[in-house]
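# Observations on chain architecture
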Amino acid sequence: MTVVERREIALVDLLDRLLAGGVVITGDVTLRIADVDLVRIDLNALISSVNASVPSPFDMPPEPSAKEL
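Values in this document were obtained by computation on a predicted structure and should not be read as measured data.

About the thresholds
- Residues numbered from 1 in each chain as written.
- Predicted model: local features only at pLDDT ≥ 70, side-chain atom pairs only at ≥ 80, totals over all residues.
- Heavy atoms only, no water.
- Pairing = 2+ DSSP bridges.
- Helix = DSSP H or I, 4+ residues; strand = E, 2+ residues; numbered from the N terminus.
- Contact = heavy atoms within 4.5 Å.
- Salt bridge = Lys/Arg side-chain N within 4 Å of Asp/Glu carboxyl O.
- Patch = residues over 30% accessible without salt bridge, like charges linked within 9 Å, V, L, I, M, F, W, Y side chains within 5 Å.
- Areas by Shrake-Rupley, 256 points an atom, 1.4 Å probe, with all protein chains shown as cover.

Inspection of the sheet shows strand 1 (residues 23–33) paired to strand 2 (residues 36–47) by 11 bridges, in the antiparallel sense. Across the sheet, residue Asp 28 finds its bridge partner in strand 2, namely Asp 42. A loop of two residues connects strand 1 with strand 2, the two strands running antiparallel in sequence, and Ala 34 in this loop sits at a positive phi of about 55°.

This is the structure we're talking about:
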């Protein structure tokens with residue numbers, strides 16, 4: 001057994017590494033009865049950490065003041 005195979009990573013460390021780079025989750029679900037599609041769900045999700053250097057996309061930028069115009 002090599003050193004790499006014996007190395008254990010805590011779940012918190014794994015989540016920290018994934019969120020630092022970002023994770024994309026995609027999937028398709030179709031509910032079908034007798035070859036008739038009843039419900040179709042497409043999932044596209046981006047999970048990433050947000051900090052001061054990378055602001056949230058939901059925050060609106062401040063309005064420019066009269067001095068800046």
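Let us now look at unusual backbone geometry. Across residues other than glycine, the phi torsion is negative in most instances, and most of the peptide bonds are trans. Backbone geometry at Ala 34 places phi at a positive 55°, although glycine is not the residue there. Residue position: Ala 34 is located in the loop between strand 1 and strand 2.

Examined against the element boundaries, Leu 46 turns out to sit in strand 2. Taking the C-alpha atoms as reference points, Leu 46 and Val 23, 23 residues apart in sequence, are found 5.8 Å from one another. Beyond its immediate sequence surroundings of up to four residues, Leu 46 is in contact with Val 23 and Val 24.

With that settled, consider the pattern of salt bridges. In the structure shown here, the tally under the stated rule is two salt bridges. We note a salt bridge from Asp 37 to Arg 32, for which the minimum N-O separation is 2.8 Å.

What follows concerns a nonpolar patch on the surface. A cluster of nonpolar residues, Ile 9, Leu 11, Leu 14, Leu 15, Leu 18, Leu 19, Ile 25, Leu 43 and Ile 47, forms a patch on the protein surface that exposes about 750 Å² of accessible area. When residues of the nonpolar patch are traced back to their parent elements, those giving at least two are helix 2 (11–21) and strand 2. The element that contributes the greatest number of residues to the nonpolar patch is helix 2, accounting for five residues. Tracing the backbone shows Ile 25 in strand 1.

By themselves, these figures tell us nothing about what the structure is for.
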